[in-house]
Structure formats: C-alpha cells, structure tokens
Amino acid sequence: MKLIASLTSPYARKVRIVLAEKKIDCPLEEETPWSADSRVPEYNPLGKVPVLELDDGSTLYDSRVIVEYLDNSSPVSRLLPQDNRQLIGTRRWEALADGIIDAMVAIVLERRRPPEKQMEEVVERQRGKIARALATLSQDLGEKPWCTSHGYSLADIAVGCCLGYLDFRAPELDWRASHPNLDALLQRLYARQSFIDTEPPAA
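- Named according to an unreviewed UniProt entry, the chain is Glutathione S-transferase originating from Chromobacterium subtsugae.

Right, here's the structure in full:
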C-alpha cells in the first residue's frame, strides 16, 4: 500500500493525518498533479491527489473514500462513529470543510491565470462561499472542544486541514477575528503530533 500525494494538498494532509492517528505505516510517493510530466493520471483518471494504491494494485480516491477505507481497516483510534446519525453528522462537517478548500483552490487557480483573463466575480463568489461556510462551522462548533459531541474525530481533522489551508494560501484572510472558537480548535489540533508532522512546506 502506498499514498500518492502532494505535500501541499489539504486533501492529502487529511489522509496523512488519519494514517498517523491510526498508526498505519504507509509510504508516500510525492506527485504534483499540475506538472506536465505528472504520473497522477496513471493512478486516478481525474488527475487528482490523494490516491491510495492498495497491495493488489487497485486504487482508491478521493480523500473521503480513502479515509473511510483506512478507518475501517484498523480498530485503532476510530475516527468515524458507528452510529449512523453521528456518522452523518461527522460527514457533514467534512463536506463543509472540503467545500471551503474547493473554493480556496478555485481562487488559487483563478489567480494563476494571466491578469487580463482573471475574473474578479469568480474570486468574489468563492470568497462568499468561504465566508458563509466559516460562519456555519463557527456556529455549529459553539463552545464545544471538538466538532462533535462524541469527541475528536474525522470532523476535527477535516476542519483543521481546511483552516490550515486558508492560512497557507490566503494568510491575509483574517478569519480568526470573526471566529475565535475556530482558532481555539485549530490550536488544539496543532498540538497533536499528526498535525505537526503534516505541516505543508513553505509556499
């Protein structure tokens, strides 16, 4: 089994944190999906990372599929609840966090276009998604130490990767001022070795 991933991908970071939390040893093959000579399409026809290659040569993607597979492959540190209602709640947190990342990626890609071809309305639309989603995360978190009432879970990992990606790609975005409870959550997460070890390299 090996993980094909980029060190700057927040989706890959989510998978790497799950691997660390569950103490699963899995080699990492670094690949940049944007490069012309990328081998990522050989593993995933969509050309996206992360991809988990299993021992039989079959592959799993995207991050949500991979983390569910990993959580079910080992009883150590279960990150997805077994109760269906709690599971759906956790998945909702993950979907919202991943949606924020999707919006930030769209902004990054738009800013990479030639200046004369960039569309500010596209950027503003994505910023609106990020603002609304952060407000929802903050409201749903409230004063709880973790995203869900049953303790540390994949919900927290997903939100932590999302907030970390905003800091990585848009450090000028002052989300902490409006959502101090999310900042407090991120500080708790950044005390965990799994988050420390998966910090993306400097841009």
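## Notes on the side chain of Arg13
- Looking at the element boundaries, Arg13 is found in helix 1 (residues 10–21).
- Overall, the relative accessible area of 5% leaves Arg13 in the buried class.
- Looking at Arg13, its side chain comes within polar contact range of the side chain of Tyr190, at 3.5 Å.
- If near-sequence neighbours (up to four positions away) are discounted, Arg13 is found in contact with Cys161, Gly164, Tyr190, Phe195, Thr198, Glu199 and Pro200.

## Considerations on the pattern of salt bridges
- With the rule as written, the count across this model stands at 20 salt bridges.
- Here Arg127 and Glu124 are joined by a salt bridge, their closest N and O atoms 2.7 Å apart. You can see Arg127 and its partner Glu124 sitting in helix 5 (residues 120–141), three residues apart, about one turn around the helix.
- With a relative accessible area of 38%, Arg127 lands in the partly exposed category.
- Counted as one network, the salt bridges with shared partners bring together Lys14, Arg64, Glu68, Arg91, Glu94 and Asp98.

## Re the packing of aromatic side chains
- This structure, assessed with the given rule, holds three aromatic pairs.
- Seen in terms of ring centroids, Trp146 and Tyr152 are 5.3 Å apart; in terms of plane orientation they differ by 70°. Their pairing is edge-to-face. Comparing Trp146 with Tyr152, the two get one shared label, buried.
- Ring centres 6.0 Å apart and planes at 45° place the aromatic pair Tyr190 and Phe195 in the tilted group.
- Exposure remark for Tyr190: the relative accessible area of 24% places this residue in the partly exposed category.
- Taking relative accessible area as the criterion, Phe195 reaches 0% and is therefore assigned buried.
- Note that Arg188 overlies the ring of Trp146, its terminal NZ or CZ placed 5.8 Å from the centroid.
- It is Arg192 that lies over the ring of Tyr152; its NZ or CZ is 3.7 Å from the centre.

## Side note on the nonpolar core
- The biggest cluster of nonpolar side chains holds 53 residues, and the ones touching the most others in it are Leu134 and Leu163.
- For this core, the elements supplying multiple residues, two or more each, are strand 1 (2–5), helix 1, helix 3 (63–73), helix 4 (84–111), helix 5, helix 6 (154–169) and helix 8 (180–189).
- Broken down by element, this core gets its largest block of residues, 11 residues, from helix 6.
- One finds Ile4, Val40, Tyr43 and Val49 within the second-largest nonpolar core, a separate group that totals five residues.

## Quick word on helix 5
- End to end, helix 5 covers 31 Å across 22 residues, agreeing with the expected 32 Å (1.5 Å per residue, within 8%).
- Burial in helix 5 covers these residues: Val122, Val123, Gln126, Ile130, Ala133, Leu134, Leu137, Ser138 and Leu141. In a view along the axis of helix 5, the buried residues occupy a sector of 140°, so they form one face of it. For helix 5, the exposed residues lying more than 90 degrees away from the buried face are Arg132 and Gln139.
- Against the buried residues of helix 5 lie helix 4, helix 6, helix 7 (175–178) and helix 8.
- Two residues or fewer after helix 5 comes Gly142, characterised by a positive phi angle close to 55°.

Rules used throughout
For every chain, the first residue of its written sequence is number 1, and the numbers climb from 1 along that sequence. The predicted origin of the model limits local features to residues at a pLDDT of at least 70 and limits the giving and counting of side-chain atom pairs to 80 or more, whereas totals for whole chains, interfaces and linings rest on all residues. Based on all heavy atoms of the structure, the side-chain values leave hydrogens and waters out of the count. Strands here mean DSSP runs of E at least two residues long; helices mean DSSP runs of H or I at least four residues long; both are numbered from the N terminus. The classification of residues rests on relative accessible area computed with a 1.4 Å probe and restricted to protein chains. Under 20% of the type maximum is buried, over 50% is exposed, and intermediate values are partly exposed. Whenever a nitrogen or oxygen atom comes within 3.5 Å of another N or O atom, the pair is scored as a polar contact, on the condition that within protein one atom can donate a hydrogen and the other can accept it, and that pairs from neighbouring residues in sequence are kept only if both atoms are in side chains. Whether two residues touch is decided by their heavy atoms; if any such pair falls within 4.5 Å, the residues are in contact. Any carboxyl oxygen of Asp or Glu that lies within 4 Å of a side-chain nitrogen of Lys or Arg is treated as forming a salt bridge with it. In summary, the pairing rule links any two rings of Phe, Tyr or Trp, Trp by its six-membered ring, whose centres are within 6.5 Å, and it sorts them by plane angle into stacked for under 30 degrees, edge-to-face for over 60 and tilted for everything else. By definition, being over a ring means that NZ of Lys or CZ of Arg is both within 6 Å of the ring centre and within 35 degrees of the ring normal. Definition used in this section: a nonpolar core is a set of buried Ala, Val, Leu, Ile, Met, Phe, Trp, Tyr and Cys residues joined via side-chain atoms within 4.5 Å. In this analysis, the expected span of each helix is defined as 1.5 Å times one less than the number of residues it contains. Think of the arc as the fan of directions from the helix axis to the C-beta atoms.

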